[in-house]
Amino acid sequence: MLQGRRIYLTNAVLLYLLNVCLASQCGYQSCNPVKEGMINVHLVPHTHDDVGWLKTVDQYFYGDKNDIQEAGVQYILDSVIPELEKDPNKRFIYVEIGFFSRWWKEQSDTVKQRVRKLVDEGRLEFILGGWSMDDEASTHYNAIIDEHTLGFEFLRDNFGECGRPRVAWQIDPFGHSREHASLFARMGFDGLFFGRLDYQDKEERMKTKTMEMIWQGSPKNLGSQSDLFTGVLYNGYGPPGGFCFDVKCHEDPIMDDPNLHDFNVQQKVSSFINATLTWAESYATEHVLMTMGGDFNYENANMWYKNLDKLMYYINREHAQGGNINLLYSTPSCYLNQVNKANLTWPSKQDDFFPYASSPHTFWSGYFTSRPALKHYVRQSNNFLQACKHLNAFASLFGPTNSNGIRVLKEAMGVAQHHDAVSGTEKQAVADDYALRLYKGVNACQSVLENAYKTLLQTDKNVNFPEQSFCDLLNISRCNVTEGNEQFTVNVYNPLAREVSHWIQLPTNAKSCVVTDPFGKQIVSQIVPITNETKRIPERNGSVAENSIIFMATVPPLSSSIYFVETNKGHDQDTKPLSFKPNEDITINNTVLSATFDGTTGSLKVLKNLQSGATAQVDHRMQYYISHYGNTTRPKFQGSGAYVFRPNQSEPMDFQHLFQIQTKFLQGQLVQEVRQQFSPWVSTVTRLYNGAPYLETEWTVGPIPTKDGIGKEVISKYCSDLQTEATFYTDANGREILQRRRDYRSTWAFNNTESVAGNYFPVNSRIYLQDVKKGVQLTVLTDRSQGGSSIQDGCLELMVHRRLTTDDFFGAGEALNEKGSDNQGLVVRGKHYLLLDTIERSAQVHRDLALKLYMKPVLSFTNSQMKHSDWSKYFRTQWSALASVVPQNVHILTFEVSDQQDSKNDTHKHFLLRLEHIYEKEESKVLSNPAKVSLMNIFKGYEVVSAKELTLGANLDLNELHRLPWQYKSTYDEDSDKSNLNSDAKIMRKSQSFPNFNEYLLDNLTIILNPMEIKTFQIALTNSG
Ligand SMILES: [Zn+2]
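The present account deals with the structure reproduced in this document. (Residues numbered from 1 in each chain as written. Predicted model: local features only at pLDDT ≥ 70, side-chain atom pairs only at ≥ 80, totals over all residues. Heavy atoms only, no water.)

Observations regarding the side chain of Thr482
For clarity, the threshold we go by: Helix and strand definitions follow DSSP, with helices as H or I runs of at least four residues and strands as E runs of at least two, each counted in order from the N terminus. Burial classes follow relative accessibility: with a 1.4 Å probe on protein chains only, a residue under 20% of its type's maximum area counts as buried, one over 50% as exposed, and anything between as partly exposed. Polar contacts, as used here, are pairs of N or O atoms within 3.5 Å; protein pairs need one atom able to donate a hydrogen and one able to accept it. Residues neighboring in sequence count only if both atoms are side-chain atoms.
By secondary structure assignment, the location of Thr482 is in helix α15 (residues 480-484). Of the residues examined, Thr482 reaches a relative accessible area of 1% and is grouped as buried. In terms of polar contacts, Thr482 uses its side chain to reach the backbone carbonyl oxygen of Cys479, at 3.4 Å.

Structure (structure tokens):
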């Protein structure tokens, strides 16, 4: 008995020790050994699973609609797991958590245990780990961080530290953004691999063995924190020719019985050795990463592994005869670890990999604009998601909440960031599916918001809070509540940690109205007639509104304010035509800007900033490029398509020769409007609001006529007298600004064979020109991602909409031809915001405005007939979460409920909080300085009981992060903020880790944020009354 018990104890101890050993086997120490002095070929079995492209994400998962594309993700995972279990040497990587999490949900506990074991032993490794492999050109940093956080959260919850991805894997996106590298570095990745870069750039890098480098993601602002080892893959993400052993590939297997016909071992071995030697020539170490997989590969994993086993056997067998090529099963992180051990000094890069060209007439700069309505819906959904997370988090401190609704939108947004989703390069049916997912997510989040308002605004528990409605179609002046009721309330939630004055525009049939603010005070409003161009938008079908009510809501930081509207009351606050003498110039102005229009043509002529005195001649016009009509017979016949932009001539077309531009001027108490029609399907309304530092231009484009069989790509162009010397500036994913020079790339001698498309760059939030001599800057902000350029000095252009008649033959299999709800061609509407100021003052205006544009107040409505005096008896008219205003240069990027706890007994409510410094160094005299924020005092009525700093993806304590160090040569000159290739003074640096939270923490949980820094915290809050 006693002995038996002792045995039991011993077994328990053994089991414990065994578990400890197993738990420590993942990561770099789990890699298969390499052979020093040989060329080590890291065979990386992988599958590239698009979360939607030719089929929807569901169809890909199940393997439905295989007539479109043979692909079923569930079968891939079903097939790989048993193959890995058969042999401890085998490896597999998995990337898209949007797919993996679905498969995981369907598995039994036994299968989950088996998979956990493979992960713990490093045999199944998660790479990248985002919900999808996101697009880099049209994504916004807020959504990029969120979609990676969502994937990381799944991995951490189910696999712990062994599930934490160490390498970023962007093998398919069409060009690469520097901001991505910077964000990835701060997510804790040790390296990044990708497949696509400009063909001229690649040729050069192959010759000079610079396929691998240290990418300085934020050389000016964040320094080594944003350095990231970056490797370009040799063959996209495919294997060498003849070595794709997937069931889809139809390439020869290895037939190794010499007694049978078709014995091909010698031929296969020599061909593989040749491929290896060719690949190895382009890389600096004795290691070669070979991507053994492709799109939706490994549905029959045995087929791949059986042939790779044979290849490995026959090549490694040669070692005895002096063969020096060593094959091993590996992963990108195992390869990276060996490259790191080589201890070389690496070259560096400070700009980005845009635009991507795959041949002289194939610049992938069309997708910067493709599907502009989807691009806007994604941006708008991000805005709504953040508001939803805020209000749910605040409400959670008072009672139960429903995070499930938020999850639906988070997952829809995760899928939408994919490189064939927001990019606009999917089939039409798949684009419709993405939009439907977002719609369902937004709907689910609307219920969350409604519950939160009940909790936060109700003061008398006996009176039900009125039902909330959300008007999703306000941008085309359609809203049932405001059109169908004489009296209604507008609830305005401001998701920014700064006071916002927001112009609200609501459709109505009334000719007069009275608007009351949260304090019971009547405020100024204006009635503006809805344009005829708006009335003909088919998606507006059913709306009866003839007018818009305009008023300004001023909402405190992170607050909700109720406005009361009564229509057909009060005086007419009509908008009247502006009186002017025919053919004489017309000037409209407010206290900041004055804009002069030509009396004959109606065109914008002069812009003047009345505060700084900056003046420029500025002309605005809508134009279009005629798309090159393509076929596949020769590369020079490349056409414009969903991916590629290729105009058939470098000059855009004016509408004038077809149509006399019509201009109308309207004025009222709050806003002045200039309405212009450029053609029957292109119009703009330019607005100057009281006190606004910008001129807002709303463009309405479509249906683009294609009955003539010709594709058209519409631009909005601003031309000025500024001297700009072929230079302009664009943002990267809404954050740092990159300098662009026409017909120039900073790391190779660029031969531009497409004078327009080769100069197009992604614009996520802004593009600008500077006249250094005059000290004047012209900036245009956008409401979505678009392609933009400066094709002539002094001019800026943004592509707003495109409709094409041919495919560009990169797989979509159909022309980009959005037809809209009436099948006649989609009408798209959006806004540009034009700023003119001194260079010195401009950043302060565009940084602040860009933030306000992507994080607008969220509106909801009730048809309550209560006046302010009645409402305030039962409900709050204003609710605010903020104690002290955070500094002007700080943005609360994330605030949401976290399911993580500090310890098992921890009963506090936890939150994820990200704070961001929104300025770059030296952009603004005052606001580029470091900012000080006290976490303790940030929220009203709540006390912070604990705080710890995490990596940007919120999956690791920052203290526990140890990134691989690299030595590199930097050609970056800090004084000029430019790479200087001719400079001899190369700086040798080792990349550093992050500063320790405890080292910089001041009293009262006060932290310092440096320019462009984002800090991520898990905080616990209690309600202090
Ligand atoms: Zn892909």
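Read on, since the account is not over.
Digging into the sheet that holds strand β36 (residues 776-782)
Spelled out, the test is: Paired strands, in this sense, are two strands between which DSSP finds at least two bridges.
Here 10 strands make up an open sheet; going across it, the order is β21-β27-β28-β29-β30-β39-β36-β35-β32-β33 and the pairing antiparallel. Of all strands in the sheet, those bounded by a partner on one side alone are β21 (576-577) and β33 (737-741). By the bridge criterion, six bridges tie strand β27 (residues 662-667) to strand β28 (residues 671-679) in an arrangement that is antiparallel. Within the sheet, the bridge partner assigned to Lys664 lies in β28 and is Arg675.

What about the pattern of salt bridges?
Note the threshold: What makes a salt bridge here is a side-chain nitrogen of Lys or Arg within 4 Å of a carboxyl oxygen of Asp or Glu, nothing more.
Summed over all chains, the structure comprises 60 salt bridges. Notably, a salt bridge pairs Lys427 with Glu814, separated by 3.9 Å at the nearest N-O pair. One end of the pair, Lys427, is in the loop between α13 (404-416) and α14 (428-457); the other, Glu814, is in the loop between β38 (795-803) and β39 (828-838), and 387 residues separate them in sequence. Lys925 serves as the salt-bridge partner of Glu840, at 3.0 Å between the closest nitrogen and oxygen. Here Lys925 lies in the loop between β43 (909-917) and β44 (931-934) and Glu840 lies in helix α17 (residues 839-854), a separation of 85 residues in the sequence. Exposure remark for Glu840: the relative accessible area of 53% places this residue in the exposed category. Counted as one network, the salt bridges with shared partners bring together Glu673, Arg675, Arg687, Glu696, Glu698, Arg829 and Lys831.

Here's the deal with the pairing of strand β24 (residues 604-609)
As judged from the five bridges shared by strand β23 (residues 593-597) and β24, these two strands associate in the antiparallel manner. When the bridges of β24 are listed, Phe597 appears paired with Leu604. With antiparallel pairing between neighbouring strands as the criterion, β23 and β24 make up a hairpin whose turn holds six residues, including Gly602 at a positive phi of roughly 80°. Taken together, the three bridges between β24 and strand β25 (residues 615-626) define a ladder with antiparallel strand orientation. Looking at the pairing, Lys608 lines up with Thr615 of β25.

Quick look at the packing of helix α4 (residues 97-105) against helix α5 (residues 109-120)
Heads up, the rule is: The axes are straight lines fitted to the C-alpha atoms, using for helices just the contacting stretch, and the angles between their N-to-C directions are given from 0 to 180°. Any angle between 65 and 115 degrees counts as roughly perpendicular, while under 35 counts as roughly parallel, over 145 as roughly antiparallel, and the rest as oblique. It only takes one pair of heavy atoms within 4.5 Å for two residues to be counted as in contact. Gly counts as polar in this scheme, as do all residues outside two lists: the nonpolar Ala, Val, Leu, Ile, Met, Phe, Trp, Tyr, Cys and Pro, and the charged Asp, Glu, Lys and Arg.
Direction vectors running N to C along α4 and α5 enclose 135°, while the axes themselves pass 10 Å from each other. Relative to α5, α4 is oriented oblique. For the pair α4 and α5, contact is made by Phe100, Trp103 and Trp104 and by Val111, Lys112, Val115 and Arg116, respectively. Residues that form the contact of α4 with α5 fall into these classes: five nonpolar, no polar and two charged.

Digging into the state of the cysteines
Quick reminder of the rule: Disulfides are defined as cysteine sulfur pairs within 2.5 Å.
All chains considered together, the criterion is met by six disulfides. A disulfide bridge connects Cys244 with Cys249, and the sulfur atoms are separated by 1.9 Å. Its S-S torsion of approximately 50° makes the covalent link between Cys244 and Cys249 right-handed. Look at Cys244 and you get buried, because its relative accessible area is 7%. Under the relative-accessibility criterion, Cys249 is labelled partly exposed at 26%. Each sulfur in the disulfide pair Cys719 and Cys795 lies 2.0 Å from the other. Judged by the torsion about the S-S bond (110°), the Cys719/Cys795 disulfide is right-handed. With a gap of 76 residues between them, Cys719 in strand β31 (residues 712-720) and Cys795 in strand β38 connect regions that are remote in the sequence. A relative accessible area of 17% places Cys719 in the buried class. Ordering the disulfide-forming cysteines of the protein chain by sequence position, one finds them joined as 1-3, 2-6, 4-5, 7-8, 9-10, 11-12.

A short note on the side chain of Asp201
Relative to the helices and strands, Asp201 is located in helix α8 (residues 199-207). Exposure remark for Asp201: the relative accessible area of 3% places this residue in the buried category. Residue contacts for Asp201: discarding those within four places in its chain leaves Phe353, Thr747 and Trp748.

A closer look at the coordination of the zinc ion
Applicable threshold: Each metal site is built from N, O and S donor atoms within 2.8 Å (3.2 Å for Na, K and Ca), and since water is not included, such sites may look incomplete. Only four donors with every angle between 85 and 135 degrees are called tetrahedral; only four or six donors with opposite donors over 155 degrees apart and all others between 65 and 115 are called square planar or octahedral, in that order; all others are irregular.
Taken together, His48 (NE2), Asp50 (OD), Asp172 (OD) and His419 (NE2) make up the full set of protein donors to the zinc ion, lying 2.0 to 2.1 Å away. Note that the zinc ion binds four donor atoms; their angles at the metal cover 92 to 160°, and the shape is irregular. In the primary structure, the donors to the zinc ion are separated according to the pattern H-x1-D-x121-D-x246-H. With a gap of 371 residues between them, His48 in strand β1 (residues 39-48) and His419 in the loop between α13 and α14 connect regions that are remote in the sequence.

With respect to the environment of Met936
Looking at the secondary structure, you find Met936 in the loop between β44 and β45 (942-950). Note on Met936: relative accessible area 25%, which makes it partly exposed. The spacing of Met936 and Ser946 is 10 residues in sequence and 9.6 Å in space, taken between C-alpha atoms.

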